[in-house]
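Per-entry structural report
This is what each chain is made of:
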Amino acid sequence: MLSPSKSSVPSTYYYSFYILTTTCLLILTPSTSFFLSGPLTAHNYHTSRLNTMSSPTSESATDNKPLPKLPLPPSLTSLTPGTWAHDTMSRRIDSEILERTFLENKDEFLNDPKFAIAYKNFQQLRNDLQNASTTKLRHLHPLPEHMTNTNDSHLSREYDEWYNILSPLVDKPDADTWLSAPWMVAEFYLYRRLMEAIDYFNPKSSTYLFDPFAKQKRAGLVSSVETAEPILKQILTLLNKPIEDGFSLAAAFALWGNKMDLSIWPTEQNGNISSAFQKVLSSANDNLLHDDTEALVQHGNDLFAKGGGNIHIVVDNAGFELIMDLALADYLIASKIASTVTFQLKSHPTFVSDALEKDLREHVMYYANEIDGEAFLNAKLAGQRWETYLKEGKWLCNENSFWVQPPPMWEMPTDLRNDMKSSCDLAFIKGDANYRRLLGDLEWDYSAPFEDVVGHYFPCPVCALRTLKAEVGCGMEIEMVEKAKALDDEWLVNGRFGVVHFSKGSEI
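In short, a report on the structure. These figures come from a predicted structure and were not determined experimentally.

Ranked by size, the top nonpolar core spans 87 residues in total, and within it W178, M420, L438, L439, V454, F458 and W491 carry the most contacts. Element by element, the count of residues in this core is highest for helix α7 (residues 183-197), at 10 residues. Beyond its immediate sequence surroundings of up to four residues, F458 is in contact with M409, M412, R417, M420, A427, I429, L438, G505 and S506. I231, L288, A379 and F502 belong to the second largest nonpolar core, which has 60 residues in total.

What follows is the structure, encoded as structure tokens:
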């Protein structure tokens, strides 16, 4: 194992922290298809090559995709009591997330006849989760004929991908349960099963495209404005400063915005979101466990020097975090670090607050047209800029089913991988679930170098902005890990601590 770096934190970060602290004072001021070959268990799931189906819409099974440089460790499961994974799959999913989903949609479920079948299916899914240790996983129900006989191959491909993800876990005498399956598979599968329960994809269903998390995401959007106002005031002023200062601060806002995850801290529990985020920012300096900001800024300077690059943001949560992502994208365009920004978005509702294209466009429209311009002038002006970016094609949106599936990112479909390799000059990977997939949700040593885990296979330059919300990680200095452990018993799962990882990516 390589020794962790003992280099000091880059000076650019101290400037960012100074501005963050100053901003805190402003916030406090009231303001107007894969096949997996061979036998497979939870502990060797990650070692099997995920190959695609031999259909015209799928990728070749002979693709030689690069892997992490280090040997692959075991995958996380939900079998061990006392772990976050076990608590999530055995308790939290049903008693917190699905219960809240029921309460937010109670009127539709109980009083609208159109939701009768969806509610029955929803209750059955909850029953499965209430017996997670014994309930076996199953394949998704086959698609109706009218959903397969169509010119749009997306649904068939998505179904085939899930069929082959699940086959090694369910097509055996002793099928895996919700707890014995790899945690990443079980968690993504839960949200796909929820889409099945409400018949989300069926155009003939009365609940077609119904988003069970829409109310929570809307509440997160509305509550974001007061906190975002002083931050958005900063964005354009950063253009008067060197990239070393402006870029580092814009990235810091996007990083710590990930703290405000609605699946863990619902809007009604946050109380005053301004106060909550102020606490996050005030402790940012102490809670960063690894910081590659200096390397990130240098890459930004290189992109600026060549006239701007094509930058992708693999988006995580809607609400305040998405607003911080839009602020980062705003800065990237205005500073000419980027000529275009592509938002990689989820293709169906998942993980409660994860953002779809419709959510991003709703956020932009709300800031541009619905908020009080006298009370929140900078937020409104930002929304109007964002509208222009979308209209002019400087901001692009791309939904892809890969972002709502559990395979590790080294198994990225060839078409998506080739697109990112040829056209993406920098990819920001936002949030915890995306980060877990960067690492394959495997039990890496926390000090394993990010370069050897992710940089060795990722198709383009990559920056991971993540606050820790799961018991998986890499690239963190040993002394920082020990400090975090001493400060907080839940340091791995409560979002208090964060990392900024950067790599130039794979040459293959």
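Having seen it, we continue.
This part takes up the state of the cysteines. Within the structure shown, the criterion is met by zero disulfides. Here C424 stays unpaired: no disulfide links it, and the sulfur of C460, its closest cysteine neighbor, is 3.7 Å away. C424 sits in the buried class, given a relative accessible area of 4%.

For the coordinates displayed, the defined rule picks out 32 salt bridges. For E196, the salt bridge is made with R138, and the minimal N-O distance between the two is 2.6 Å. With E196 in helix α7 and R138 in the loop between α4 (116-130) and α5 (145-148), the pair connects residues that are 58 residues apart, well separated along the chain. On the basis of relative accessibility, which here comes to 17%, the residue E196 falls in the buried class. Across the salt bridge formed by D441 and R436, the nearest N and O atoms sit 2.9 Å from each other. In this structure D441 comes out as buried when scored by relative accessible area, which is 2%. Within the structure, one salt-bridge network assembled from shared partners comprises D128, R138, R193 and E196.

Taking 1.5 Å per residue, 15 residues should reach 21 Å; α4 reaches 21 Å between its end C-alpha atoms and fits that length. A118, Y119, F122, L125, R126, D128 and L129 are the residues of α4 that are buried. Buried residues along α4 sit in contact with α2 (84-104), α3 (106-111) and α7.

What follows covers the pairing of strand β9 (residues 498-503). When you tally the buried positions in β9, you get six out of six residues, the bulk of the element. Burial along β9 is two-sided: the residues G498, V500 and F502 and V499, H501 and S503 are all buried. Pairing of strand β3 (residues 288-291) with β9 involves three bridges; the strand directions are parallel. Following the sheet pairing, D291 is matched in β9 by V500. Across six bridges, the pairing between strand β8 (residues 462-467) and β9 is antiparallel. Bridging across to β9, V462 finds its partner in S503.

This next bit is on the packing of helix α8 (residues 214-237) against helix α15 (residues 377-392). Where α8 meets α15, the closest approach of the two axes is 7 Å, and the angle between their N-to-C directions is 70 degrees. In terms of their interaxial angle, α8 and α15 are classed as roughly perpendicular. The way α8 lies across α15 gives a crossing that is left-handed. For the pair α8 and α15, the contacting residues are V225, E229, L232, K233 and L236 in the first and L377, N378, A379, A382, R385 and W386 in the second. Split into classes, the residues belonging to the contact of α8 with α15 amount to seven nonpolar, one polar and three charged.

Bringing the environment of K114 into the picture now. Within the fold, K114 resides in the loop between α3 and α4. Look at K114 and you get partly exposed, because its relative accessible area is 48%. For the pair K114 and S205, spaced 91 residues apart in the sequence, the C-alpha separation amounts to 8.7 Å. If near-sequence neighbours (up to four positions away) are discounted, K114 is found in contact with S206 and T207.

Conventions adopted
- Residues numbered from 1 in each chain as written.
- Predicted model: local features only at pLDDT ≥ 70, side-chain atom pairs only at ≥ 80, totals over all residues.
- Heavy atoms only, no water.
- Core = buried A, V, L, I, M, F, W, Y, C linked by side-chain atoms within 4.5 Å.
- Buried < 20%, exposed > 50% of the residue type's maximum accessible area, 1.4 Å probe, protein only.
- Helix = DSSP H or I, 4+ residues; strand = E, 2+ residues; numbered from the N terminus.
- Contact = heavy atoms within 4.5 Å.
- Disulfide = S-S within 2.5 Å.
- Salt bridge = Lys/Arg side-chain N within 4 Å of Asp/Glu carboxyl O.
- Expected span 1.5 Å × (residues − 1).
- Pairing = 2+ DSSP bridges.
- Axes fitted to C-alpha atoms, helices over the stretch in contact; angles between N-to-C directions.
- Parallel < 35°, antiparallel > 145°, perpendicular 65-115°, else oblique.
- Left-handed = near helix turned anticlockwise from the far one by under 90°.
- Nonpolar A, V, L, I, M, F, W, Y, C, P; charged D, E, K, R; others polar.

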